[in-house]
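Residue-level listing of the chains:
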Amino acid sequence: MDLETGFYQNRLKKESWRTILTLAYQSLGVVYGDLSTSPLYVYTSTFAEDIEHTETNEEVYGVLSFIFWTLTLIPLLKYVFIVLKADDNGEGGTFALYSLLCRHVKVNLLPSSQLADEELSTYKKDISTSPLQNTFGAKLKSTLEGYRVLQKFLLVLSLLGACMVIGDGILTPAISVFSAISGAELSLGKDHHLYIEVPVACIILIALFALQHYGTHRVGFLFAPVVVTWLLCISAIGIYNIIHWNPTVYRALSPFYVYKFLKKTQKGGWMSLGGILLCITGSEAMFADLGHFSQLSIKMAFTFMVYPSLVLAYMGQAAYLSRHHVMENDYQIGFYVSVPQKLRWPVLVIAVLAAIVASQAAITGTFSIIKQCSALGCFPRVKIVHTSSKIHGQIYIPEINWTLMILCLAVTVGFRDTKRLGNAAGLAVITVMLVSTCLMSLVIVLCWHQNVLLAICFGIFFGTIEALYFSASLMKFFEGAWVPIAISFIFMMVMCIWHYGSLKKYEFDVQNKVSIDWLLSAGPTLGIVRIRGIGLIYTELVSGIPAIFSHFVTNFPAFHQVLVFICVKSVPVPRVRHEERFLVGHIGPRDQHIYRCIVRYGYRDAHKDDLQFENDLVCSIAEFIRTGKTGLDGNAGEDLSKDLEDLTVLGTPSTHISGVQLREDNEVSSESVGSSKLRAMHTTLITKPKKRVRFFIPETPKIDGGAREELRELMEARESGIAYILGHSYVRTKRGSSLFKKMVINFGYDILTKISRPPAYALTVPHASTLEVGMVYHV
């Protein structure tokens, strides 16, 4: 028995290692495309004009030493050994750090947050022992929770990182593709090569963005082989150059050459750091794409493949430059000049393919960050298309795609050289890293509950290095660095205006919500009648009846026999398990058939389509009825705490096979029941030739007559159809509001509302069954 057990454990171990190696191989094509293509433009940007290429080789050795230690300290030490451990249930990125802070410290600015959200398994999975009350962590926690301005600053800091990621998504395709195409400059004259490079780069970029709607799952299997081929290629060229030109170049890896470099070059050397910085472009992807892979697979891919390949590539270029001090043209100091002449065109083809892979990763990352911002209520509603049903994270956003393409083409045509593109990309990259360092320092204290000195050491050590690079990049403001600042400013303004307007709109709903008593007492006065079917009233409120519905029944005194106030909201976790998706409860007396349903999604969850969502919603309400919960009394609609206590957590039918199931009559067969001993309750509408709807409920536990009648009412309503009632709000400021508020709400938020997708489109509800109710919000 022991031998068999040991064999089984070894087999599982082998399978797990096989999986890790497979993930590590796949991560090369998704995570490391941008980082792997950085040798194309680092030396070109560094030696652009700030420092000279002299025969003493102190500049070349100093740059190589800077590159080596930057690669070692930032991607290897900071990300691989520290930051990757700060995952949010397996997810990474700026919003993962912000999400961790939101849960450990109550700084969440989402208006619809509930105490029930803290019971989610993914919400409390990573919460360890709370810090002692007299520790610095406890004092910092209470300070953040006590000052609203600090909470807003934390949100703005996270949004700044998101905006810079968007800027990187614009600049990475431009500099990667343009640098790859620049290999043609060695075969063409300096006065003519730009007439070839810029048009070809633009054609490749247009094709890349035009093919985004097909998704990358069809050609994704080619990404890893392309990057592996590229890494092996630059490694082999690097080894050749080291052996052939300067075998002693390894001495430049000593940090002593950093000192000599700065001592000789002084201000010019400091300014050149903006080019050296480009050697770590794409490092943030190791953390941002963590959800697609695992920590160990990303660490293995970088440590054993990417890191040594990049070091060999940079050493090879330095070895070549150390023996070639006189160039025919200044622009020939780039990557391709160190490639043997016979191999330049094959290497150019591989470089272009690798640049396309790097660009694809940057574009996909931008789509992902926009989706997260939209889920947290910080970005206007956009159309999100999931291009693959099997591969997580494969999304396409049309509006963002074409915006990125226009901006990417604009910077490519406008700059037309690697130097200014590098200045722009460098500032975007280092800003994201600085934001991650700030958030990570807070995570060490508030989430990991480590000593504050450890967090201070982390922040000072890595923050100082990154601040040095940031200052050098910022000095290139008028030489291209203004681009990511301008892009981030525009997107930051959009995010802040949308978040502010949405928050004011929610506050108006909270202040003007009505109770169930008003609705029931106003029924005889208004002559309200109940019509057949289910009415879904979408609202952002988690308690009470929204003013939009009272406005509806006042002008159209009728609503459906079954009424469901549904709130689709995001919670600060990456994903919500299907078993915890719905919160269902009664509103008012049971015989009124009015329910509240709160549907919770994480910031990386995919929203379901309308038909599947309808079935899950109806089955969840039926399961709630079957469990025997009596709901709230007539006066509980105004009490938030009672409302939350009486909501029942329910899952989707796919996760509760033993619960209530819904089938249309022509989809049900005797085999579908199986051995589960289910009993069908069904009803048929004689007046309309509709398909019969069946609820299959377990025989036990027994349900009472009231629940049976409630289920029958729900089935009849489902057969009659579902109508969606959405609010179409016009937000305006109150009389006497400040000029700033009027500009933000009446002008900024109004424009964003008009250009964003309508609520029906964003919620994927059928337009034929949708009724929009207009109302003016005075905030």
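All residue numbers refer to position in the chain's written sequence, counted from 1. This being a predicted model, a pLDDT of at least 70 is required before a residue's local features are given, and a value of 80 or more before pairs of side-chain atoms are given or counted; all residues contribute to the totals for chains, interfaces and linings. Here the side-chain values reflect all heavy atoms present in the structure, with hydrogen atoms and water set aside.

An unreviewed UniProt entry annotates the protein chain as Potassium transporter originating from Nicotiana tabacum. As stated in UniProt under Sequence similarities (unreviewed entry), the record for the protein chain gives "Belongs to the HAK/KUP transporter (TC 2.A.72.3) family." UniProt positions are given in the numbering used here, feature names are shortened, and annotations may be inferred rather than shown by experiment. Comment text from UniProt for the protein chain, heading Function (unreviewed entry), reads "Potassium transporter."

**Side note on the packing of helix α8 (residues 148-181) against helix α16 (residues 344-375)**
Direction vectors running N to C along α8 and α16 enclose 165 degrees, while the axes themselves pass 8 Å from each other. The orientation of α8 with respect to α16, classified from their angle, is roughly antiparallel. As for the relative orientation of α8 and α16, their crossing is left-handed in sense. Where helices are involved, their axes are fitted lines through C-alpha atoms of the stretch in contact, as for all axes, and angles between N-to-C directions lie from 0 to 180°. Elements are defined by DSSP. Helices are runs of H or I of four residues or more, strands are runs of E of two residues or more, and each kind is numbered from the N terminus. Geometric relationships in this document are graded by angle, where less than 35 degrees denotes roughly parallel, more than 145 denotes roughly antiparallel, 65 to 115 denotes roughly perpendicular, and other angles denote oblique. Two helices cross in a left-handed way if the nearer one is turned anticlockwise from the farther one by less than a right angle. They cross in a right-handed way if the turn is clockwise.

**Some words on the packing of helix α4 (residues 58-81) against helix α15 (residues 295-321)**
Where α4 meets α15, the axes come as close as 10 Å, and the angle between the chain directions of the two elements is 170 degrees. With respect to each other, α4 and α15 are oriented roughly antiparallel. Taken together, the residues of α15 that come into contact with α4 (itself represented by Val 60, Leu 64, Ile 67, Phe 68, Leu 71, Thr 72, Pro 75, Leu 76 and Val 80) are Lys 299, Phe 302, Thr 303, Tyr 307, Leu 310, Val 311, Tyr 314, Met 315, Ala 318 and Leu 321. Residues that form the contact of α4 with α15 fall into these classes: 16 nonpolar, two polar and one charged. We call two residues contacting when some pair of their heavy atoms lies within 4.5 Å. Each residue is assigned to one class: nonpolar for Ala, Val, Leu, Ile, Met, Phe, Trp, Tyr, Cys and Pro, charged for Asp, Glu, Lys and Arg, and polar for all the others, Gly among them.

**Quick notes on the pattern of salt bridges**
Here, a salt bridge means any side-chain nitrogen of Lys or Arg that lies within 4 Å of a carboxyl oxygen of Asp or Glu. Under the criterion given, the structure shown has 17 salt bridges. In this structure, Glu 58 engages Lys 260 in a salt bridge whose closest nitrogen and oxygen atoms are separated by 3.9 Å. Separated by 202 residues along the polypeptide, Glu 58 in helix α4 and Lys 260 in helix α11 (residues 256-265) bring together distant segments of the chain. A simple rule labels every residue: compare its accessible area, found with a 1.4 Å probe on the protein chains alone, to the largest value its type can have, and call it buried under 20%, exposed over 50%, or partly exposed in between. Among the residues examined, Glu 58 registers a relative accessible area of 24% and is labelled partly exposed.

**Brief notes about the environment of Leu 404**
With respect to the secondary-structure elements, Leu 404 resides in helix α17 (residues 398-415). Taking the C-alpha atoms as reference points, Leu 404 and Thr 366, 38 residues apart in sequence, are found 9.1 Å from one another. Every residue in contact with Leu 404, bar those within four places of it in the chain, is listed here: Ile 166, Ile 170, Phe 209, Ile 363, Thr 366 and Phe 367.

**Some thoughts on the sheet that holds strand β11 (residues 722-732)**
Strand pairing requires that DSSP identify at least two bridges connecting the strands. Taken in spatial order, the seven strands of this open sheet run β7-β5-β6-β4-β3-β11-β12, and their pairing is mixed. Where the open sheet ends on each side, the last strands, each with one partner, are β7 (648-650) and β12 (770-778). The average undirected angle you get between the axes of adjacent strands in this sheet is 25 degrees. Examined bridge by bridge, strand β3 (residues 529-538) and β11 share four bridges and lie parallel to one another. Following the sheet pairing, Ile 534 is matched in β11 by Ile 722. In the packing of helix α20 (residues 482-511) onto the sheet, contacts are made with β11 and β12, and the angle to β12 comes to roughly 95 degrees. Packed onto the sheet, helix α22 (residues 547-555) meets β3, β4 (558-570), β11 and β12 and runs at close to 115 degrees relative to β12.

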